Amino acid sequence: MNTNRKTIIIIIVATLATGFLLGWLIFGSAPRKTTDEHQHETEEVAGEIIWTCSMHPQIRQNEPGSCPICGMDLIPLEGAQNDETDPMVISMSPTAMQLASISTAIVGAMDPVKSVRLNGKVQEDERRVFSQPSHVPGRIENLTVNFTGEQVKKGQIIATVYSPELVTAQNELFEAQKFKETQPALFNSAKEKLKNWKLTEKQIENMLTSGSPTETFEVRADVSGFVTQKMVNPGEYIVKGEPIYKIADLSKVWVLFDVYESDMGWIRIGDKVEFTISSLPGKTFAGNISFLDPVIDAQTRVAKARVEISNTGMALKPEMFVSGTVQAKLPKKSNAIVVPKTAVMWTGKRSVVYVKSSTEQGVNFKMRKVTLGPALGGSYIIENGLQEGEEIAVNGTFSIDAAAQLAGKPSMMSSEGGSAMTGHDHGETEMRDANEGFAKTGTDPAFTAQLTKVYNAYIPMKNAFVASDAHKVMTAASEVSAALKKVDMGLLKGDAHMAWMENLDVLEKTVNSMSKLMDIEKQRNEFAKFNIAFYKSIKAFGLENVTAYYQYCPMAEKDKGAYWFSSSEEIKNPYFGDAMLKCGENRETLK
């Protein structure tokens, strides 16, 4: 009996143990379902779950439902991360850094050297370009050099001239010779007259020996070189000193390089330039800059840097294009802080880098403002803000900045930080930039009326986008273009005129593109650009008796966000049409 009782107890205990084990296997070890379509987790505040929209995170509700802007289902919001020691830094795990392709480097100092590329041309040495004149007046009888490019040697006969005055001067010499013994001064004066016409002593002696005048005069080359211009033809009359040819000595030439304003600080007289010529492959030439223009050409905005070089074998010909490189050093700069351009983010008004630090909690990045010096090709000199030995992010800086913006930390777009975001700023930055400098001015009512006609033509174009009808967009865009052409910019003066001209260029280009494109998505890309310029114009000059609603969708333009105008407060999205017709919000009402 006792044995049976013990057996029953053992069976009961075994059954309970088996039940507990099966229950744990079925229920205890099953993973919790954590999949979330929008990659958001739950945040509980005082026991309540906060619900938000993945595309409009400004929506916060205490219960699930639909987004009042776009109609998407709300999702639970992820709670804030653990507080960091420094609220200004952004922490990243090694895995996150690897996924974002973030790499860092130690800041170092070096002597700044920039490889400056220069383009230019081979030109004649201006000091070796000569005019070959005739030294006697008369008629060109013969030219022995008949075309440009022909080479001549010094002393070579290049032309003959018939000169009645030369005949008269020779007769005077013959008469003076008769009184040589009694009036030597008269004889010497007659000889000097001929010498002034560049006749040699030998030619004069031959005349005296022959006793008869020579009717033609041989013109001999004063220099050696190449004829670059033939200025007369046989049979033409010339005066004393009139040029017959232009002759250039090309034994030495100039290479004139264009130096742009941005490179002026790097180029100095004496710098070595290595250059190549496409028509002479495989050959590299070198020379030093001997002269730098003290002024900049008003049209081309460049100065000329001159390199003088011997032209052995006449390989260098004027007007050849050359490409050169100068390894330029910045004067009075040594051991400068140099960082790659990829490490620097430039906002237009300030430049920032992300400095890395490591703590027991992990790797942190902190934004720091820097002052940029000259650019060195792929690098910048840092004038202020960094010290040698610090470690900065050189790749993946935009990923770090995006993480900082999402966490509400100081970032490129907001030096003070702000509320946490979810991937975009919903157009606040773009809208703020559009508003800068465009306070409404006193505008001629006639101009405002004309701009209102452009707006009235715009509304059918916007409606065509809502309908996703590319053909109607083309037709409506042509109407907007016609209205723009009727706007009289002469009604604006001063800064207002310049502001309209700046916006008009964008308006005309984009609306012309929309009138020619047949692809609705390409038309929408131009539409987004048009709306920014149109907004600036309306803000500056206003509309006549019209209320316009400036509306915005953060999902347009591949989640970059885009604006449009509407004549009613009701949202009808022109970037998605029926696919997301109600996605958007009113950002501003313009009256």
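Our structure's up above, just so we're on the same page.
Here we summarise the structure given alongside this text. (Residues numbered from 1 in each chain as written. Predicted model: local features only at pLDDT ≥ 70, side-chain atom pairs only at ≥ 80, totals over all residues. Heavy atoms only, no water.)

**As for the overall build of the protein**
Thought 1: Tallying secondary structure elements over the protein gives 12 helices and 31 strands in all.
Thought 2: When burial is assessed residue by residue, the protein has 40% of its 591 residues classed as buried.
Thought 3: Sequence separation of 24 or more characterises 67% of the internal contacts of the protein that already satisfy a separation of 6 or more. (Helix = DSSP H or I, 4+ residues; strand = E, 2+ residues; numbered from the N terminus. Buried < 20%, exposed > 50% of the residue type's maximum accessible area, 1.4 Å probe, protein only. Contact = heavy atoms within 4.5 Å.)

**A short note on the sheet that holds strand β17 (residues 243–248)**
Thought 1: The four strands lie next to each other as β10-β17-β15-β12, forming an open sheet whose pairing is antiparallel. Of all strands in the sheet, those with a lone pairing partner are β10 (129–133) and β12 (151–152), marking the two edges.
Thought 2: When β10 meets β17, the two strands line up antiparallel, connected through five bridges. Pairing of S131 across the sheet is with K246, part of β17. (Pairing = 2+ DSSP bridges.)

**So, the pairing of strand β27 (residues 379–384)**
Thought 1: Bridge count for strand β23 (residues 336–340) against β27 is four bridges, and the pairing is antiparallel. For V339, the partnering residue across the bridge sits in β27 and is Y380.
Thought 2: The pairing of strand β26 (residues 362–376) with β27 spans four bridges and is antiparallel. Counterpart to L376 in the pairing with β27 is S379.

**Considering the state of the cysteines**
Thought 1: Here the structure, examined in full by the defined rule, presents zero disulfides.
Thought 2: Here C553 is not disulfide-linked; the sulfur of C583 is the nearest cysteine sulfur, at 3.6 Å.
Thought 3: A relative accessible area of 1% places C583 in the buried class. (Disulfide = S-S within 2.5 Å.)

**A few points about the packing of aromatic side chains**
Thought 1: Throughout the structure, instances matching the rule amount to 20 aromatic pairs.
Thought 2: When the ring of W500 is compared with that of F541, the centres are 6.2 Å apart and the planes differ by 75°; the resulting orientation is edge-to-face. Taken together, the positions of W500 in helix α10 (residues 494–516) and F541 in helix α11 (residues 520–541) put the pair 41 residues apart, joining distant regions of the chain.
Thought 3: The exposure class of W500 is buried, given its relative accessible area of 0%.
Thought 4: With a relative accessible area of 2%, F541 lands in the buried category. (Phe/Tyr/Trp six-rings, centres within 6.5 Å; stacked < 30°, edge-to-face > 60°.)

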